[in-house]
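Structural overview for review
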Amino acid sequence: MVRIELDKVTKRIRKNTVLHEVTLKMHEGRIYGLQGVNGSGKTMLMRTVIGLIRPTEGSVSVNGRILGRDMEFPESIGFLLENPAFLGQYSGYENLNMLAGIKGRALTGQIKDCIRAVGLDPEDKKKYRKYSLGMKQRLGIAAAIMEEPDIVVLDEPTNALDESGVRLVQDILRREKARGALVILSCHDIGILRELSDEIFRMEAGRVVEHICLNDERQEEGGDA
Amino acid sequence: MLRQMIRMECRKAFRNKMFYTAVAAGCIITLFALVYYIGIYQNELTMMQADDVNPMHEASGLFNFWIGGEPFSFGSAAYFFMFPLLTAIPYGWSYCGEKRSGYIRTAVVQAGKKAYFLAKYTAVFLSGALAMVIPLAFDFLLSALFFPAVMPSPVYCTSTGIFYDSLMSMFYYTVPLLYVLIYLLIDFIFGGLIACISYAAACFVRYRVVAVILPLFFMLAVHYLRQFVYISAEVRYKEISPMFFLRPVQAAYPASWAVILAEMAALFLVTFFLSVIWERKHEIY
């Protein structure tokens, strides 16, 4: 069972407090939406959960193990943060195959299935640098889910996608949830966020100001979950 | 994990156009030296055929006509001036690029910071080392097709450029091939370390071009220091500039193991500390 706990996480970068005493819990098999305007701290919160940045105060734990103390990064995590970034000189499949080769968790067939699942052709020899924005985004999503991670973090996954792409993302997220993954999602489209999420954390100026439970119609306002 | 990461980084380092470009550019530069010395050797052959002169066979051979054995040709001057650039071009820029594009995020979470930074250091080192040595080995082998591998004689030390106090002069006049191989090994290690300057610089600079050019400026700065070190005409100094002591021939002052090893150690410690230990402590945005 996967469980993420943020305990009074504060992150200061120079004099700016980008996260302010964020406390929340997340469980497997659920989709958590992060809602908020630009600069509200959604991406920073995601970076903290991934382990890319360390809280100035407080702690992030995954299954009871604290990031940065007991482990460097969560053992099983896939993510797409901001813009997808791959190596321009390789094709989509080559890029994913190379990344998968590090841990050796995803087999060739699995990688190809993932690429197909996002609407791309794994046999396409086109170099990544020649991909359109939408194709890059799709490949980024494929990279996030190819190893069937326990935690999936997607920052604006519908960026640059057309309608069919958005539907594809929705289907993928539902499948990930059904598989038992813990999904953290941020999206500017409130409609999509509400449709997909089981719970939504609304953020403002680095604080979680509202916690909305959608699937059991429970709503807590004004602070931590 | 580290082994897989090193394999992946090496694949990225060696299967890219920049590596091929740097090696090809290095090989082309060495051809200038070869063509120049083929002309010189033809003249010397003509002179050797004269009856009443000493043919001086030992003064004109492979070991002092290949690019590493002579300091006079344009090819030799250009190669040993440009090598910091040629070693950084293959892969020295990669960390800069991966940091800017955000690829580093995916790679470090997959592999862990330690494996990522160590693998990157290894790949940058190997790419720079090979980019330095392949053109030299290419020139040596190609030169061997044109010049006889006669055993050099210390009698003609003014032609060979290896004097009694030159580094490994004993090897040069007894087992010259071993001398060349040892020098290629020294150049291999220095080529790798100089490429790592580019990787270490990428911790501070944003642009790949700057990271690639920096090792050249660093080497020029060390070379410039010579005029402040070599102030007495009476002291027999040791060579401190890699632009000179990486040449298998003595270009100015004699090289010394102490200076070579000290500079090697300093370069390794500084680049390894900055790019692997110091950079590992930083957060990734």
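Residues numbered from 1 in each chain as written. Chains lettered and ligands numbered in written order. Predicted model: local features only at pLDDT ≥ 70, side-chain atom pairs only at ≥ 80, totals over all residues. Heavy atoms only, no water.

Points about the packing of aromatic side chains
In this description, a pair of aromatic rings is defined by centroid distance and the angle of the planes. Residue and element names in this part refer to chain B. What the rule picks out here adds up to 34 aromatic pairs over all chains. Between Tyr121 and Phe272 the ring centres are 5.3 Å apart and the planes differ by 80°, which places this aromatic pair in the edge-to-face class. In this pair, Tyr121 is assigned in helix α7 (residues 113-144) and Phe272 in helix α13 (residues 257-280), connecting sequence segments 151 residues apart. For Tyr121, a relative accessible area of 6% puts it in the buried group. With a relative accessible area of 21%, Phe272 lands in the partly exposed category. Judged by centre distance (5.3 Å) and plane angle (55°), the ring pair of Tyr179 and Tyr183 falls under tilted. (Phe/Tyr/Trp six-rings, centres within 6.5 Å; stacked < 30°, edge-to-face > 60°. Helix = DSSP H or I, 4+ residues; strand = E, 2+ residues; numbered from the N terminus. Buried < 20%, exposed > 50% of the residue type's maximum accessible area, 1.4 Å probe, protein only.)

Description of the environment of Met243(B)
All names here are of chain B. Relative to the elements of secondary structure, Met243 occurs in helix α12 (residues 242-245). Of the residues examined, Met243 reaches a relative accessible area of 4% and is grouped as buried. Not counting residues within four places of it along the chain, the set of residues in contact with Met243 comprises Phe80, Phe81, Phe83, Pro84, Leu216, Met219, Leu220 and His223. (Contact = heavy atoms within 4.5 Å.)

Describing the domain arrangement of chain A
All names here are of chain A. You can read the domains of chain A as domain 1 (1-76 + 149-225) and domain 2 (80-148). Each of domain 1 and domain 2 has a C-alpha centre, and the two are 23 Å apart. Contact residues are listed per partner, giving 28 residues for domain 1 and 17 residues for domain 2. Counting across the domain 1 and domain 2 interface gives 2 salt bridges. When the shortest N-O distance is used, the salt bridge between Asp162 and Arg138 registers 3.3 Å. (Domains from an automatic or database assignment. Salt bridge = Lys/Arg side-chain N within 4 Å of Asp/Glu carboxyl O.)

Structural notes on the confidence of the model for chain A
Put simply, chain A has an average pLDDT of 90, and 95% of its residues get 70 or more. Within the model, the stretch residues 217-225 of chain A combines pLDDT values under 50 with 21 contacts to residues more than four positions away or in other chains. (pLDDT = per-residue confidence, 0-100.)

Observations concerning empty space enclosed by the protein
All told, the structure shown has 4 cavities of 30 Å³ or more when counted by the stated rule. Reported here for the largest cavity is a volume of approximately 130 Å³. The wall of the largest cavity is formed by Ile77(A), Gly78(A), Phe79(A), Leu99(A), Ala143(A), Ala144(A), Met146(A), Glu147(A), Pro149(A), Thr106(B), Val109(B) and Gln110(B). Contributions of two or more residues to the lining of the largest cavity are made by β6 (77-80) and α4 (133-145) of chain A together with α6 (103-111) of chain B. Looking at the lining of the largest cavity residue by residue, the class counts come to 8 nonpolar, 3 polar and 1 charged. (1 Å grid on protein atoms, 1.4 Å probe; cavity = no way out; pocket = protein on both sides within 12 Å on 5 of 7 lines; lining within 4 Å. Points joined across faces, edges and corners; volume = space filled by probe spheres on them. Nonpolar A, V, L, I, M, F, W, Y, C, P; charged D, E, K, R; others polar.)

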